[in-house]
Amino acid sequence: MNDSYRIIEILENNSEIEQIMKNCPYEILQRWKVREFPKNHIIFHQGMVYESFNIVVDGLLNVYTLAKNGRMYSQAVYERGNFIGELEIFDKRPFICTIEALTPVKLLELDRESFLTWIKHDSNLSYFILRTICKLFYTLSEKASQDTLYPLKYRLCDYLISRAKPRSGAKCEIPIDKEAISNQMAVTQRSINRVLYELKKKGIIEVNNNLITLHDVEALKKEAENGSNE
């Protein structure tokens, strides 16, 4: 199946992406390419220039920056409907982040020249680009504020609470990737383990490899509240 047929199939099965591309001129629609990548593949490298605009069709991607000392700081996880390259494409700027596939990933890719032609004539696309950029900066500002203003204990408790779906009289099990959490919160795994150990000593959680069993959500909320004042 060539890319034209695959793109039509994608639009027919993804209403969100179809809304973004509904006014895309036919001659530009023909220039889109479908790209697929395996899990753990680095698709875009921080500091390199890529002259393309991309839309995530399927999969999850880790968006992170690398410091000179090798420390990783995870900024976001992209999913279906997210754009890649919209910040850099106008002035051919180097990517400010590395983007790695957390799962098998499928992207739609359009070359820079075609993208610039499209956006000049499509107010619908301009609206989606503007909304995406605003959402991105809102999320990054919110995350930066939490990272700066709140201690780790509060942030980790809040993370667990946000993923807890307890049933009445039942324990709640939460999968956790300590490396990913440490990258997201810009701290060491040792710091993560220290907070988890404290919660375990208080009987609030149990930790078994990459699985946390949450015994008491209300107690965890109190720990988060106490942690915000530390």
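Bear in mind the structure is a predicted one, so any value in this text is a computation, not a measurement. (Residues numbered from 1 in each chain as written. Predicted model: local features only at pLDDT ≥ 70, side-chain atom pairs only at ≥ 80, totals over all residues. Heavy atoms only, no water.)

Just checking my understanding: could you explain the overall build of the protein chain for this structure?
In terms of regular secondary structure, the protein chain is built from 9 helices and 11 strands. When its C-alpha atoms are laid out on the principal axes, the protein chain stretches across 65 × 40 × 30 Å. Taking all 230 residues of the protein chain together, 42% fall into the buried category. Counting contacts in the protein chain only where the partners sit at least 6 residues apart, residues at least 24 apart contribute 70% of the total. Carbon and sulfur atoms form 48% of the exposed surface of the protein chain, whose accessible area is close to 13500 Å². (Helix = DSSP H or I, 4+ residues; strand = E, 2+ residues; numbered from the N terminus. Buried < 20%, exposed > 50% of the residue type's maximum accessible area, 1.4 Å probe, protein only. Contact = heavy atoms within 4.5 Å. Areas by Shrake-Rupley, 256 points an atom, 1.4 Å probe, with all protein chains shown as cover.)

Hey, could you run me through the packing of aromatic side chains in this one?
The geometry of an aromatic ring pair is captured by the separation of the ring centres together with the interplanar angle, meaning the angle of the planes. Evaluated as defined, the whole model comprises 9 aromatic pairs. Between the aromatic rings of Trp32 and Phe53, the centroid separation amounts to 6.3 Å while the plane-to-plane angle is 65°, which identifies the pairing as edge-to-face. Separated by 21 residues along the polypeptide, Trp32 in the loop between helix H3 (26-29) and strand S1 (33-37) and Phe53 in strand S3 (residues 52-58) bring together distant segments of the chain. With relative accessibility at 0%, the residue Phe53 sits in the buried group. With 5.4 Å between their ring centres and 75° between their planes, Tyr127 and Phe128 make a pair best called edge-to-face. The class for Tyr127 is partly exposed, based on a relative accessible area of 46%. What links up through ring pairs into an aromatic cluster is the set Trp32, Phe53, Phe83, Phe90, Phe115 and Trp118. (Phe/Tyr/Trp six-rings, centres within 6.5 Å; stacked < 30°, edge-to-face > 60°.)

How do you make sense of the layout of surface pockets when you look at a structure like this?
Once rolled over the atoms, a probe with the size of a water molecule shows which space is left empty. The volume enclosed by the largest pocket comes to roughly 970 Å³. Around the largest pocket, the lining comprises 31 residues; the ones closest to its centre are Gln75, Ala76, Val77, Lys135 and Thr139. If you list the elements that add at least two residues to the lining of the largest pocket, you get helix H2 (15-20), strand S5 (72-78), helix H5 (123-149), helix H6 (152-163) and helix H7 (178-185). No other element matches H5, which puts 10 residues into the lining of the largest pocket. In terms of residue class, the lining of the largest pocket is made up of 10 nonpolar, 9 polar and 12 charged. (1 Å grid on protein atoms, 1.4 Å probe; cavity = no way out; pocket = protein on both sides within 12 Å on 5 of 7 lines; lining within 4 Å. Points joined across faces, edges and corners; volume = space filled by probe spheres on them. Nonpolar A, V, L, I, M, F, W, Y, C, P; charged D, E, K, R; others polar.)

Quick question: what am I supposed to make of H6 here?
Each α-helix winds once per 3.6 residues, and so residues spaced three or four apart point in a common direction. Taking 1.5 Å as the rise per residue, H6 with 12 residues should run 16 Å; its terminal C-alpha atoms sit 17 Å apart, in good agreement. The complete set of buried residues in H6 reads Leu152, Lys153, Tyr154, Arg155, Leu156, Cys157, Tyr159 and Leu160. (Expected span 1.5 Å × (residues − 1).)

What's the story with the sheet that holds S1 in this structure? I'm lost.
The strands making up a sheet associate through hydrogen bonds between their backbones, and the pairing can be parallel or antiparallel. Here we have 4 strands laid out as an open sheet, ordered S1-S8-S3-S6, and antiparallel in their pairing. Only two strands of the sheet have a single neighbouring strand rather than two, namely S1 and strand S6 (83-84). Judged from the 5 bridges that link them, S1 and strand S8 (residues 105-111) form a sheet pairing that is antiparallel. Paired with Arg35 across the bridge in S8 is Leu107. Against the sheet, helix H1 (residues 3-13) contacts S1, S3 and S8, and its axis sits at roughly 80° relative to S1. Sheet contacts for helix H4 (residues 112-121): S3 and S8; angle to S8, the most-contacted strand, approximately 75°. (Pairing = 2+ DSSP bridges. Axes fitted to C-alpha atoms, helices over the stretch in contact; angles between N-to-C directions.)

What am I meant to see in a nonpolar patch on the surface here?
A contiguous nonpolar patch, built from Leu60, Val77 and Leu102 and spanning about 220 Å² of accessible area, is present on the exposed surface. Mapped onto the fold, Val77 is located in strand S5. (Patch = residues over 30% accessible without salt bridge, like charges linked within 9 Å, V, L, I, M, F, W, Y side chains within 5 Å. Salt bridge = Lys/Arg side-chain N within 4 Å of Asp/Glu carboxyl O.)

Shape descriptors only; they carry no functional weight alone.
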